[in-house]
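# Coordinates in review
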Amino acid sequence: MPQPHITSNELVTSKLFDLKGKVALITGASGALGMAVARGLAVNGVNLVLSSVEKEALQQLAEEIRGLGVKALPLYCDVTSESQVDGMVDEAVAGFGKIDILFTCAGLAHRELLVDQSLENWRKVMDVNVQGTLLCCKAVAKDMIKRGEGGSIITVGSVRGHHAHRDGYTGYGTSKAAVHYLTKTLAFEWAEHNIRVNSIAPCIFWSDLTEPMLSDDKNAQKYLARIPLGRAAIPEDFVGAVVFLASAASSMVTAHILSVDGGVVGG
Ligand SMILES: NC(=O)c1ccc[n+]([C@@H]2O[C@H](COP(=O)([O-])OP(=O)(O)OC[C@H]3O[C@@H](n4cnc5c(N)ncnc54)[C@H](O)[C@@H]3O)[C@@H](O)[C@H]2O)c1
């Protein structure tokens, strides 16, 4: 087998991380993390399919993204529905001809002690976080395999997928551990097609959801004490990781859970 060869010219950062003209599909694009990643990819020349269950927010984001000089297609899709996910991928491919990058950012955070938790609440978290991720990966990978040009799939896990916690994370933590395993197993299934599958595992970051927890200093200390870097992340902290995993800079990286957590899982 011939040894792959990369010239020094291809190692300059402008080539290594070049994403210009690529197409990315982002689920949960209207959430805090999805929006930050959408903006981060757009300023790097990536055309975007923006998806979630919030029609108005998607329209606004799409307008803003077009203002950054790339194409944006907003698509409503509930990721728990296989027919909607398949329809979204068909529309994305019809609109842009291909999908190079999938970022599965749609997710539900739910905390409830198990003894108080209904089976319905458990299922809701599993349906969005696990089944939703699986359906999007499946539909996009089928198209990537058909095209034969490979691709990069990036899921969103969590520190809670690694570390157990007593504050009612039975559903959420289990769902994120499942996302980590799913990521690794899909990486193995699709490696022969040069589809890389990796996950980003964040610590707590500022969003509408976490603002009440973090803006109260006493309460925030409970969360920050676990983070060696001593601060909660902001959504923009994850853009570098997504650009790395989407680009040629990570061409030998797959089945990896990349912690962007200020050092939490190092402990
Ligand atoms: N906020 C944190 O501290 C934190 C920490 C670790 C991991 N995460 C993970 O990061 C991801 C994004 O989190 P966020 O804080 O931006 O959340 P968010 O609540 O701001 O956004 C969630 C997004 O998912 C979409 N969504 C929800 N249900 C959906 C469904 N059925 N179908 C399609 N889209 C749906 C929403 O429309 C929204 O766009 C989630 O997977 C979350 O679990 C968040």
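Use the structure listed above.
Report on the accompanying structure. Within each chain, residue numbers correspond to sequence positions counted from 1 in written order. Two thresholds apply to this predicted model, a pLDDT of at least 70 for residue-level local features and 80 or more for giving and counting side-chain atom pairs, whereas whole-chain, interface and lining totals are computed over all residues. Side-chain measures were taken over the full set of non-hydrogen atoms in the model, leaving aside hydrogen atoms and water.

## Thoughts on the side chain of glutamine 117
Our working definition: Secondary structure elements follow DSSP: runs of H or I of four or more residues count as helices, runs of E of two or more count as strands, with numbering from the N terminus. Polar contacts, as used here, are pairs of N or O atoms within 3.5 Å; protein pairs need one atom able to donate a hydrogen and one able to accept it. Residues neighboring in sequence count only if both atoms are side-chain atoms. Should any heavy atoms of two residues lie within 4.5 Å, those residues are counted as being in contact.
Looking at the secondary structure, you find glutamine 117 in the loop between strand 4 (101–104) and helix 5 (119–147). Among the polar contacts listed, one links the side chain of glutamine 117 to the backbone oxygen of glutamate 112, at a separation of 3.0 Å. Dropping the residues within four chain positions of it, glutamine 117 is found in contact with Glu112, Trp122, Thr170 and Gly171.

## Topic: the packing of aromatic side chains
Geometrically, a pair of aromatic rings is defined through the distance of the ring centres and the angle of the planes. Note the cut-off: To pair, rings of Phe, Tyr and Trp, with the six-membered ring standing in for Trp, must have centres within 6.5 Å; the planes then decide the type, stacked if under 30 degrees apart, edge-to-face if over 60, and tilted in the middle. The buried label applies to any residue whose accessible area, calculated with a 1.4 Å probe on protein chains only, is under 20% of its type's maximum; exposed applies above 50%, and partly exposed to all values in between. Here, over-ring charges are defined by two tests on the NZ atom of lysine or the CZ atom of arginine: distance to the ring centre within 6 Å, and angle to the ring normal within 35 degrees.
Counted according to the given criterion, the structure contains two aromatic pairs. Each ring, one from tyrosine 169 and one from tyrosine 172, has its centre 6.3 Å from the other, and the planes form 55°; the classification is tilted. Accessibility expressed as a relative area gives 13% for tyrosine 169, which makes it buried. Between the NZ or CZ atom of lysine 55 and the centre of the ring of tyrosine 76, over which it lies, the distance is 5.4 Å. The ring of tyrosine 169 has arginine 160 sitting right over it, with the charged end atom 5.1 Å from the ring centre.

## Here's the deal with the site of the ligand
Let me state the cut-off plainly: Here, proximity means that at least one heavy atom of the residue falls within 4 Å of the molecule or strand. Per-residue and other accessible areas were derived by the Shrake-Rupley procedure at a 1.4 Å probe size, with only the shown protein chains allowed to occlude residues. We call Asp, Glu, Lys and Arg charged. Ala, Val, Leu, Ile, Met, Phe, Trp, Tyr, Cys and Pro are nonpolar, and the rest, Gly among them, are polar.
Inspection of the region around the ligand gives 26 residues, with Ser30, Glu54, Tyr172, Lys176 and Phe205 positioned closest. Contact distances for the ligand include 3.5 Å between an oxygen atom and a backbone N or O atom of glycine 107. Between an oxygen atom of the ligand and a main-chain N or O atom of phenylalanine 205, the distance comes to 2.9 Å. Considered on its own, the ligand offers 830 Å² of accessible surface; in the complex 87% of this is hidden by protein. Looking at the shell around the ligand residue by residue, the classes come out as 14 nonpolar, nine polar and three charged.

## Re the pairing of strand 5 (residues 151–156)
How we decide: DSSP bridges decide pairing: two strands pair if at least two such bridges lie between them. Seen with the strands pointing away from the viewer, any crossover whose path from the first strand over the helix to the second strand runs clockwise is right-handed.
Among the six residues that make up strand 5, six are buried, leaving the element largely enclosed by the rest of the structure. Along strand 5, one buried face is formed by Gly151, Ile153 and Thr155 and the opposite face, lined by Ser152, Ile154 and Val156, is buried too. In this structure, strand 4 lies alongside strand 5, joined through four bridges in parallel fashion. The partner of threonine 104 across the bridge, within strand 5, is threonine 155. Note on the crossover from strand 4 through helix 5 to strand 5: the handedness is right-handed.

## Considering the pattern of salt bridges
Going by this rule: Each reported salt bridge corresponds to a side-chain nitrogen of Lys or Arg within 4 Å of a carboxyl oxygen of Asp or Glu.
Following the criterion strictly, the structure yields seven salt bridges and no others. Ionic pairing is found between arginine 147 and glutamate 149, a salt bridge with its closest N-O pair at 3.0 Å. The network of salt bridges with common partners includes Asp143, Arg147 and Glu149.

## Quick word on the sheet that holds strand 5
Applicable threshold: Between N-to-C directions, angles span 0 to 180 degrees; the directions come from axes that are lines fitted to C-alpha atoms, helices contributing only their stretch in contact.
Pairing is parallel in the open sheet, where seven strands are placed in the order 3-2-1-4-5-6-7. Each edge of the open sheet carries a strand with a single partner, namely strand 3 (72–76) and strand 7 (257–260). Strand-to-strand twist in this sheet, taken as the mean axis angle between neighbours without regard to direction, amounts to 20°. In this structure, strand 5 lies alongside strand 6 (residues 195–202), joined through six bridges in parallel fashion. Pairing of valine 156 across the sheet is with isoleucine 200, part of strand 6. The sheet strands contacting helix 2 (residues 32–42) are strand 1 (23–27), strand 2 (47–52), strand 4 and strand 5, and the helix crosses strand 1 at an angle near 170°. Helix 6 (residues 170–190) contacts strand 5, strand 6 and strand 7 of the sheet and is inclined by roughly 160° relative to strand 6.

## Examining the environment of histidine 180
As for its position among the elements, histidine 180 is in helix 6. The sequence separation of histidine 180 and tyrosine 169 amounts to 11 residues, and the corresponding C-alpha distance is 16 Å. In this structure histidine 180 touches Gly157, Ser158, Gly161, His162, Ser199, Ala201 and Ile257, once residues within four positions along its chain are discounted.

## Comments concerning the environment of lysine 55
Note that lysine 55 resides in helix 3 (residues 55–66). Given a relative accessible area of 55%, lysine 55 falls into the exposed group. Each C-alpha atom of the pair lysine 55 and valine 265 lies 36 Å from the other, and the pair is 210 residues apart in sequence.

## As for the packing of helix 5 against helix 6
Let me state the cut-off plainly: In what follows, roughly perpendicular refers to angles from 65 to 115 degrees, roughly parallel to angles under 35, roughly antiparallel to angles over 145, and oblique to any angle outside these ranges. Each crossing gets its handedness from the near helix: less than a right angle anticlockwise from the far helix is left-handed, clockwise is right-handed.
At their nearest, the axes of helix 5 and helix 6 sit 8 Å apart, and the two run at 15° to each other. Taken as axis vectors, helix 5 and helix 6 run roughly parallel relative to one another. Note that helix 5 runs across helix 6; the crossing there is right-handed. Seen from helix 5, the contacting residues are Trp122, Val125, Met126, Asn129, Val130, Thr133, Leu134, Cys137, Lys138, Ala141 and Ile145; seen from helix 6, they are Thr170, Gly171, Tyr172, Thr174, Ser175, Lys176, Ala178, Val179, Leu182, Leu186 and Trp190.

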